[in-house]
Amino acid sequence: ELGPYPHFMAKEIFEQPQAVRQALAGRVEPGSGRVDLGETGLDPATLRSFQRYAIVACGTAWHAGLVGRHLLQRATGRPVSVEVASEFRYGDPMVDAGTLTVAISQSGETADTLAAVREARRRGSPVLAIVNVEGSSLSREADWVLYTRAGPEVAVASTKAYLTQVVALHLLAAWAAPTGAEATGLQLLQLPSRLEATLGLDPAVQELARELAGSEHLFYVGRGLDYAVALEAALKIKEISYVHAEAYAAGELKHGTLALIEPGRWVVALATQRALLAKTAGNVAEVRARGAQVVVVGPGASPGRAELEPMADRYLPLPEAPEPLLPVLAVVPMQLLAYHAARARGCDVDRPRNLAKSVTVE
Ligand code: M6R
């Protein structure tokens, strides 16, 4: 089953272009870019009729939800909340019949997510599940299901499931938007080949992982969509290499975390969004002035690269792609960094200590 790969995690990272192809198949018309998720039983008018959207999920799926919030909010102009399922459940959630609860889960068996869904339904909110495993409890309990079609994911660390969740959310937002869905559809069709190109960063990331693997503390920073990617990047490396990693909204650094920056500390900055470039560059300058070594993950072309590369100790250039796809691509070198760091530290990549693939207890 592993084929040429030493671990399932590597196999699943390298399967991502194919997983995304599957996730798009029949949902985006190749010529026109038209998006159609009619298979869910929903329709765009119903999807747009909700006053609010509440995303619930755990772990990596919650990070996909953070991306989804940006996309859905932009598409619908309605408020979108995103909450960790275990907090949602006990937090007296403000959902009702006018709210669509969107539950995201790879396994569809996560106890906290199922409990959140039951609570939402008790309050009258219908549920759309974005789920990978067909026939799972979540798929059965939801009103509508959008399958991510990532195929089986074996490694405890989620990679291709996350990526296809993000693709599903891009599709959902495009479908919900009154205009512009075709343009998004056409961009998404480019994603598999852009992911293939991004995987070409593997040797550079492996080399970087050797340098970083000795660190006991790592910081990841980003703004907007890049902050969501930073959270996912930090979780990935914590989970499988046991390095202590924190992700911060880059603008928050000066509100406390900057005190932890000292000479030799590694900081990874995600900087894919042009509108936020100057601000993130400012944060990179702040940490470098305190002696940190900085890895920047940014655009492969300018604008972007010309400004960021000279400031970075290491620069990981993403392939040229439409800007909305760059945060999707940026997660790939972060998965690879976690993978190679874990190997360099002699960790059990596919079966990290204390963790289970599917968390069926609350
Ligand atoms: O099966 P689910 O997507 O509901 O699982 C949620 C989390 O337990 C899961 O994403 C976890 O955070 C991963 N091990 C992270 O890589």
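Reference entry: report on the structure contained in this document. (Residues numbered from 1 in each chain as written. Predicted model: local features only at pLDDT ≥ 70, side-chain atom pairs only at ≥ 80, totals over all residues. Heavy atoms only, no water.)

### Notes on the sheet that holds strand β5 (residues 144-147)
The cut-off we apply is this: Note: two strands are recorded as paired if DSSP finds a minimum of 2 bridges between them. To qualify as a helix, a DSSP run of H or I must reach at least 4 residues; to qualify as a strand, a run of E must reach at least 2; elements of each kind are numbered from the N terminus. Orientation is described by lines fitted to C-alpha atoms, with helices fitted over the stretch in contact, and by angles between N-to-C directions that extend from 0 to 180 degrees.
Spatially, β2-β1-β3-β4-β5 is the arrangement adopted by the 5 strands of the open sheet, whose pairing is parallel. The two strands at the open ends of the sheet, each matched to only one other strand, are β2 (80-84) and β5. Going across the sheet, the axis of each strand differs from the next one's by a mean of 20°, ignoring polarity. Pairing analysis gives 5 bridges linking strand β1 (residues 52-57) to β2, with the strands arranged parallel. The residue bridging Ala57 from the neighbouring strand is Val84, located in β2.

### A look at the environment of Ala245
Which entries qualify depends on this criterion: Between two residues, a contact is recorded if the distance between any of their heavy atoms is within 4.5 Å.
With respect to the element layout, Ala245 can be found in strand β7 (residues 244-249). Separated by 30 residues in the primary sequence, Ala245 and Ser215 have C-alpha atoms spaced 9.8 Å apart. Sequence-distant contacts of Ala245, that is, excluding residues within four places in its chain, are made with Leu218, Tyr220, Ala234, Ile237 and Lys238.

### A closer look at the nonpolar core
Put simply, the rule is: The set of buried Ala, Val, Leu, Ile, Met, Phe, Trp, Tyr and Cys residues whose side-chain atoms join them within 4.5 Å is what this entry labels a nonpolar core. Partly exposed residues are those whose accessible area sits between 20% and 50% of the maximum for their type, while under 20% is buried and over 50% is exposed, using a 1.4 Å probe and protein chains only.
In this structure, Leu191, Tyr220, Leu270, Met334 and Leu337 are the most contacted members of the largest nonpolar core, which totals 95 residues. With 13 residues, the top contributor of residues to this core is helix α15 (residues 326-344). Residues Ile261, Val284, Val296 and Leu308 belong to the second largest nonpolar core, which totals 21 residues.

### Comments concerning the site of the ligand
In plain terms, the rule: Note on definitions. A residue lies near a molecule or strand when any single heavy atom of the residue is within 4 Å of it. Under this definition, polar contacts are N or O atom pairs within 3.5 Å; protein pairs additionally need one hydrogen-donor-capable and one acceptor-capable atom, and for neighbouring residues in sequence, both atoms have to be side-chain atoms. Surface accessibility follows the Shrake-Rupley procedure with a 1.4 Å probe radius. Residue values consider only the protein chains on display as shielding. Classification used: nonpolar for Ala, Val, Leu, Ile, Met, Phe, Trp, Tyr, Cys and Pro, charged for Asp, Glu, Lys and Arg, polar for all others including Gly.
Around the ligand, the surrounding shell holds 14 residues, and the nearest of these are Ser105, Gln106, Ser107, Thr110 and Glu239. Note that an oxygen atom of the ligand is positioned 3.2 Å from one of the backbone N or O atoms of Thr60. Note that an oxygen atom of the ligand is positioned 2.9 Å from one of the backbone N or O atoms of Ser158. Within the complex, the protein chains bury 90% of what would otherwise be the 410 Å² of accessible surface of the ligand. Of the residues assigned to the shell around the ligand, the class counts are 5 nonpolar, 7 polar and 2 charged.

### Here we look at the packing of helix α4 (residues 59-76) against helix α8 (residues 160-176)
As a reminder, the rule being used: Convention used here: angles under 35 degrees read as roughly parallel, angles over 145 as roughly antiparallel, angles from 65 to 115 as roughly perpendicular, and any remaining angle as oblique. By convention, the crossing between two helices is left-handed when the near helix turns anticlockwise from the far helix through less than a right angle, and right-handed when the turn is clockwise.
Close contact between α4 and α8 brings their axes to 9 Å; oriented N to C, the two are set at 15°. In terms of orientation, α4 lies roughly parallel with respect to α8. The interaxial crossing formed by α4 with α8 has right-handed handedness. Between α4 and α8, the contacting residues are Thr60, Ala61, His63, Ala64, Gly65, Val67, Gly68, Leu71, Leu72, Ala75 and Thr76 on the first element and Tyr162, Gln165, Val166, Leu169, His170, Leu172, Ala173 and Ala176 on the second.

### Considering the sheet that holds β7
One open sheet accounts for 5 strands, arranged β7-β6-β8-β9-β10; its pairing is parallel. Since the sheet does not close on itself, it has two edges, and those belong to β7 and β10 (314-318), each with one partner. Direction aside, neighbouring strands of the sheet carry axes that sit 20° apart on average. Sheet strands in contact with α15 are β6 (217-222), β8 (266-270), β9 (293-299) and β10, and its direction is about 130° off that of β10.

### Topic: the packing of α4 against helix α12 (residues 225-241)
Contact geometry for α4 and α12: axes closest at 9 Å, N-to-C directions at 175°. Accordingly, the angle class assigned to the pair α4 and α12 is roughly antiparallel. Contacts between α4 and α12 pair Gly59, Thr60, His63, Leu66, Val67, His70 and Arg74 from the former with Leu225, Ala228, Leu231, Glu232, Leu235 and Lys236 from the latter.

### Here's the deal with the packing of aromatic side chains
Filter applied, for reference: Side-chain rings of Phe, Tyr and Trp (the six-membered ring for Trp) are treated as a pair once their centres are within 6.5 Å; stacked means planes under 30 degrees apart, edge-to-face means over 60, and tilted covers the remaining angles. Think of it as a cone above the ring: NZ of Lys or CZ of Arg counts as a charge over the ring if it is within 6 Å of the ring centre and within 35 degrees of the ring normal.
Tallying each qualifying case throughout the model produces 3 aromatic pairs. Ring centres of Tyr5 and Phe14 lie 5.8 Å apart, and the angle between their planes is 25°; on these two criteria the pair is classed as stacked. The exposure class of Phe14 is partly exposed, given its relative accessible area of 29%. With centroids separated by 6.2 Å and ring planes inclined at 35°, the aromatic side chains of Phe219 and Tyr248 adopt a geometry described as tilted. Here Tyr248 lies in strand β7 and Phe219 lies in strand β6, a separation of 29 residues in the sequence. Classification of Phe219 by relative accessible area gives buried; the value is 3%. It is Arg353 that lies over the ring of Tyr242; its NZ or CZ is 3.8 Å from the centre.

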